[in-house]
Amino acid sequence: MARRTKVLLVADAITLAHLARPAALAAGLDPERYEVSLAYDPRLSGFIRQPNFAELPLQSMSSARFLANAARGAPLYDVDTLRRYVKADLAVLDSLRPDVVIGDHRLSLSVSARRAGVPYLALINAYWSPYTVERRLLVPELPMTRILGVPIAQRLFRAAWPIASAIQSAPLNRVRKENGLPSLGSDWFSVYTDADRTLYVDAAELVPTQGLPASHRYIGPVMWSPDVGLPAWWAELPLNRPLVYATMGSSGRPGVLEMVLEALADCNVSVIATTAGKSGPSSVPANAWLVDYAPGDKLAARADLMICNGGSLTVYQSLAAGKPVLGVAAHMDQQLSMSYVESAGVGRSLRSDTLNTERLRSATERLLSDASIRRRAQTMAGAIAGYDPVQRLSAVIDEVVHG
């Protein structure tokens, strides 16, 4: 029997999405062909149920710290954090000696995988690609947006981007230099997507690119839902009015879910919402049903509209079910994700820093009543169904390992 290819997937568990994608891929790889291990922070171990792969502990910075860095425009990872990450990566790589390593947001692999001599595949959203048809620079929720207003803040953000990009790129370039590797330059989009193979967990129909080198590939959206049952109230949901599914995930702005429930309390809709384990609203309207965690794919399939934080994991959950998306975006990743949703005409984006109940209610009513948006969302569902991320990943692994 031929030796199985040893595959190590590494999740930087700063948000649940960056664990969910490699976990779903790890579970899908053929165990007869691949010896699969997943390294991630044990604090999220409760989300991995009955795995058919080995699990290895690997510390990540806290979600709170990562989101705080993003909120104030600081480098996502400072030099000391990257040094610790590289040391931890190398310990796992040296002990396991995989044939290939696949990272989701583990930027330190740009250093550690090269030092270990292991081919490095990076999972990334295509809207961060240097090869997007249009370079989109969208100002995230920053203090200046509240002081100056979004239009002025947007102009200043675009003007300052070359400096901001260099600041974001500097920590990884410094750690690469310390490890005898060349600089990746000051373009954050190029630095962020550095790998031997850069794999886009997107549909090209939603996020198009142009002039891709052979090392950049679409593998398609990776679907994941918590392995939990349907809530007890599932059978009690009314059938005579539209159903809205609201979830802010692990990285949504605090207070948004409560505002969503308030905005829709007097509308002719039912609202189902997941709190992702966070404390729920102080009061729940009569037309709303809440639960900590639920199988999001089933909720999205039954709902007529999803309201989420704009992150790609939940966006694709809704679009795969052929349902429009209303994204309440805060940081730049969410802003970019929702900008492509709007361009494709399958949803609408609202900024979390200018949010109010009137805007939420108006956007919800428009999306529920617009038949053309629903048709485009259904067409997008067909395009998404044409991707098999596990099969595409397997092909890249075999290409890299066996030539």
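Look up a bit, the structure's there.
Now for a description of the structure that goes with this document.

Each value, and the rule that gives it
Residues numbered from 1 in each chain as written. Predicted model: local features only at pLDDT ≥ 70, side-chain atom pairs only at ≥ 80, totals over all residues. Heavy atoms only, no water. Core = buried A, V, L, I, M, F, W, Y, C linked by side-chain atoms within 4.5 Å. Buried < 20%, exposed > 50% of the residue type's maximum accessible area, 1.4 Å probe, protein only. Helix = DSSP H or I, 4+ residues; strand = E, 2+ residues; numbered from the N terminus. Patch = residues over 30% accessible without salt bridge, like charges linked within 9 Å, V, L, I, M, F, W, Y side chains within 5 Å. Areas by Shrake-Rupley, 256 points an atom, 1.4 Å probe, with all protein chains shown as cover. Salt bridge = Lys/Arg side-chain N within 4 Å of Asp/Glu carboxyl O. Pairing = 2+ DSSP bridges. Right-handed = clockwise from strand over helix to strand, strands pointing away. Phe/Tyr/Trp six-rings, centres within 6.5 Å; stacked < 30°, edge-to-face > 60°. Lys NZ or Arg CZ within 6 Å of the ring centre and 35° of its normal. Axes fitted to C-alpha atoms, helices over the stretch in contact; angles between N-to-C directions. Contact = heavy atoms within 4.5 Å. Disulfide = S-S within 2.5 Å.

### Some remarks on the nonpolar core
In this structure, Tyr-77, Trp-128, Trp-188, Leu-206, Ile-272, Leu-319 and Met-332 are the most contacted members of the largest nonpolar core, which totals 64 residues. In terms of residue count, the dominant contributor to this core is helix α6 (residues 150-178) (six residues). The next biggest cluster of nonpolar side chains, apart from the first, holds 33 residues, and it includes Val-7, Val-100, Leu-393 and Ile-397.

### Observations regarding a nonpolar patch on the surface
A cluster of nonpolar side chains, Ile-147, Leu-148, Ile-152 and Leu-156, forms an exposed patch at the surface whose accessible area comes to about 370 Å². When contributions to the nonpolar patch are tallied by element, the ones reaching two or more residues are α5 (143-148) and α6. Mapping Ile-152 onto the fold places it in helix α6. Note on Ile-152: relative accessible area 38%, which makes it partly exposed.

### Thoughts on the pairing of strand β12 (residues 325-329)
A large share of β12 lies buried, amounting to five of its five residues. Side-chain alternation along β12 places Val-325, Gly-327 and Ala-329 on one buried face and Leu-326 and Val-328 on a second face that is also buried. Looking at chain direction, strand β11 (residues 305-308) and β12 are connected through three bridges and run parallel. Each residue of the ladder has a partner; that of Cys-308, found in β12, is Gly-327. Regarding topology, helix α10 (residues 312-320) serves as the crossover connection from β11 to the parallel β12, and that connection is right-handed. The sheet contact formed by β12 and strand β13 (residues 347-351) spans five bridges and is parallel. Bridge pairing in β13 places Val-325 opposite Gly-347. With helix α11 (residues 332-343) bridging β12 and its parallel neighbour β13, the resulting β-α-β unit is right-handed.

### Remarks on the packing of aromatic side chains
In this structure the tally under the stated criterion is nine aromatic pairs. With 6.1 Å between their ring centres and 50 degrees between their planes, Phe-66 and Tyr-77 make a pair best called tilted. One end of the pair, Phe-66, is in helix α2 (residues 63-71); the other, Tyr-77, is in the loop between α2 and α3 (79-96), and eleven residues separate them in sequence. By relative accessible area, which is 4% here, Tyr-77 ends up buried. Note on Trp-128 and Tyr-192: the rings are 4.9 Å apart at their centroids and 80 degrees apart in plane angle, and the pair reads as edge-to-face. Within this pair, whereas Trp-128 is found in the loop between β5 (120-124) and α5, its partner Tyr-192 is found in helix α7 (residues 188-192), the two being separated by 64 residues in sequence. When its relative accessible area of 6% is taken as the criterion, Trp-128 is described as buried. With relative accessibility at 8%, the residue Tyr-192 sits in the buried group. By way of ring pairs, the aromatic residues Tyr-127, Trp-128, Phe-157, Trp-161, Trp-188, Phe-189 and Tyr-192 are connected into one cluster. A cation over a ring is seen here: Arg-135 above Phe-189, with NZ or CZ 4.0 Å from the ring centre. If you follow Arg-136 out to its NZ or CZ, it ends over the ring of Tyr-340, 3.8 Å from the centre.

### A word on the sheet that holds β5
Picture the strands of a sheet paired through backbone hydrogen bonds; they go either parallel or antiparallel. On the basis of which strands lie adjacent, the open sheet formed by seven strands has the order β3-β2-β1-β4-β5-β6-β7 and parallel pairing. The open sheet has two edge strands with one neighbour each: β3 (54-57) and β7 (216-218). Direction aside, the axes of adjacent strands within the sheet are offset by 25 degrees on average. Pairing between β5 and strand β6 (residues 197-200): four bridges, direction parallel. Pairing of Leu-123 across the sheet is with Leu-199, part of β6. Here helix α4 (residues 109-116) sits on the sheet in contact with β1 (5-11), β4 (100-104) and β5, set at roughly 160 degrees to β5. With respect to the sheet, helix α14 (residues 389-402) is in contact with β1, β2 (34-40), β4, β5, β6 and β7, its orientation differing from that of β6 by roughly 175 degrees.

### What to know about the pattern of salt bridges
Counting across every chain of the model gives 18 salt bridges. The salt bridge involving Glu-178 is made with Arg-83; its shortest N-O contact spans 2.5 Å. Remark: Arg-83 occurs in helix α3 and Glu-178 occurs in helix α6; sequence separation between them is 95 residues. Given a relative accessible area of 43%, Glu-178 falls into the partly exposed group. Using a relative accessible area of 33% as the deciding quantity, one classes Arg-83 as partly exposed. In this structure, Asp-196 and Arg-114 form a salt bridge, with 3.6 Å as the shortest nitrogen-oxygen distance. Residue Asp-196 is located in the loop between α7 and β6, and its partner Arg-114 is located in helix α4; the two are separated by 82 residues in the primary sequence.

### Some remarks on the state of the cysteines
One pass over the structure, following the stated rule, counts zero disulfides. Sulfur of Cys-267: no disulfide; nearest cysteine sulfur belongs to Cys-308 and is 18 Å away.

### With respect to unusual backbone geometry
One non-glycine residue, Arg-97, lies in the positive phi region at around 50 degrees. With respect to the element layout, Arg-97 can be found in the loop between α3 and β4. Backbone geometry places His-105, a non-glycine residue, at a positive phi of 65 degrees. Secondary-structure assignment places His-105 in the loop between β4 and α4.

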